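Each chain, letter by letter, is given below.
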Amino acid sequence: MANALIYCQSGGGKTCNSTLVAAPKRGKNLLICSDNSSIVLQNFDRPNLTVKNVSTVKDFVDAYQEGYQSQQYDNIILDNLSDLIDMWLLELDASGKHKDFRQAYQLVYQSLKRLSRESTMVDCNTIFTAWSDNVEITLPSGEMVTRLQPKIPAKILDNVCGLMNVVAYINTAVDDKGNKGWYYVLEGKPTLMAKDQIACRKKCLPQNIFATPEVKK
């Protein structure tokens with residue numbers, strides 16, 4: 001199975017788009033939501049979707065493990081990784097167990113790397129969502145540019161994205177009739193973090209994020 005990380009600004013369509021992914025084998029998707037963004041789905045018909053809203057990190061991780069162990073779902077969506085980091089740090093701060101808060105950050109970072117690695121070994125596809133971030137970087141040429149990337153701490157950004165088969169930025173397009181639609185940008189460049197190990201595509205529709213290409217003979 002495969003995994004993916006999709007990202008865009010807050011309100012840009014992460015939750016709606018992630019639930020469009022096709023479920024051809026078992027016919028069901030599971031959305032685990034930490035930030036109450038699933039409320040937007042009241043405006044759409046998603047008959048193949050189960051939604052679980054969680055309020056603690058333990059509930060989030062437990063719901064994910066129970067979901068893939070049940071073997072009921074084609075795809076599990078973890079919404080969203082940026083908020084999960086914040087929630088985790090707030091819980092650790094409230095516990096009062098970490099006098100040196102650098103230890104709390106280290107605990108969260110290591111746990112997120114384990115969660116990302118766990119998603120590579122389960123019997124279903126996993127989609128992580130995240131907010132986007134604009135970061136100033138220096139290219140090998142010395143030129144400074146602004147890169148659009150997932151809002152994940154710099155210390156673990158490469159670890160998390162490196163473990164994903166797909167990293168996609170959500171973009172919008174308007175047709176000649178004025179209808180708005182979403183698509184995923186999958187081609188990375190210095191100003192945009194993206195990749196597609198599944199089919200080396202430049203872009204795709206949300207429902208096709210895990211679609212595999214026909215092998216040319």
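Look up: the structure comes first, before these words.
Report follows, based on the coordinates. (Residues numbered from 1 in each chain as written. Predicted model: local features only at pLDDT ≥ 70, side-chain atom pairs only at ≥ 80, totals over all residues. Heavy atoms only, no water.)

1. Focus on the packing of helix 4 (residues 101–118) against helix 5 (residues 154–162)
Across the interface, helix 4 lies against helix 5 with an axial gap of 9 Å and an inter-helix angle of 10 degrees. Classified by the angle their axes make, helix 4 and helix 5 are roughly parallel. Of the residues in helix 5, those touching helix 4 at Y109, L112, K113 and S116 are K155, I156, N159 and V160. Across the contact of helix 4 with helix 5, the residue classes break down as four nonpolar, two polar and two charged. (Axes fitted to C-alpha atoms, helices over the stretch in contact; angles between N-to-C directions. Helix = DSSP H or I, 4+ residues; strand = E, 2+ residues; numbered from the N terminus. Parallel < 35°, antiparallel > 145°, perpendicular 65-115°, else oblique. Contact = heavy atoms within 4.5 Å. Nonpolar A, V, L, I, M, F, W, Y, C, P; charged D, E, K, R; others polar.)

2. Regarding the pattern of salt bridges
Counted by the stated rule, this structure contains four salt bridges. D123 serves as the salt-bridge partner of R26, at 2.6 Å between the closest nitrogen and oxygen. Pair noted here: R26 is in the loop between helix 1 (14–18) and strand 2 (29–33) and D123 is in the loop between helix 4 and strand 5 (125–138), with a separation of 97 residues, a long-range link. According to the relative accessible area criterion, R26 is partly exposed, its value standing at 23%. (Salt bridge = Lys/Arg side-chain N within 4 Å of Asp/Glu carboxyl O. Buried < 20%, exposed > 50% of the residue type's maximum accessible area, 1.4 Å probe, protein only.)

3. So, the pairing of strand 5
One ladder, built from six bridges, connects strand 1 (residues 3–8) with strand 5; its direction is parallel. If you follow L5 over to strand 5, its bridge partner there is F128. Of the strand pairs in this sheet, strand 4 (residues 75–79) and strand 5 are connected by four bridges, and their pairing is parallel. Note on strand 5: the bridge partner recorded for I76 is T126. Looking at chain direction, strand 5 and strand 6 (residues 144–150) are connected through seven bridges and run antiparallel. (Pairing = 2+ DSSP bridges.)

4. Observations concerning the side chain of T126
If you trace the backbone, T126 turns up in strand 5. A polar contact is formed between the side chain of T126 and the side chain of Y64, at a distance of 2.8 Å. Every residue in contact with T126, bar those within four places of it in the chain, is listed here: A2, N3, A4, Y64, I76, L78, S119 and F210. (Polar contact = N/O pair within 3.5 Å; in protein donor to acceptor, adjacent residues only side chain to side chain.)

5. What to know about the state of the cysteines
Tallying each qualifying case throughout the model produces zero disulfides. Between C8, a cysteine without a disulfide, and C16, which holds the nearest cysteine sulfur, the sulfur-to-sulfur distance is 9.9 Å. A relative accessible area of 0% places C8 in the buried class. (Disulfide = S-S within 2.5 Å.)

6. Some details on the environment of Q106
Examined against the element boundaries, Q106 turns out to sit in helix 4. Separated by 49 residues in the primary sequence, Q106 and V57 place their C-alpha atoms 16 Å from one another.

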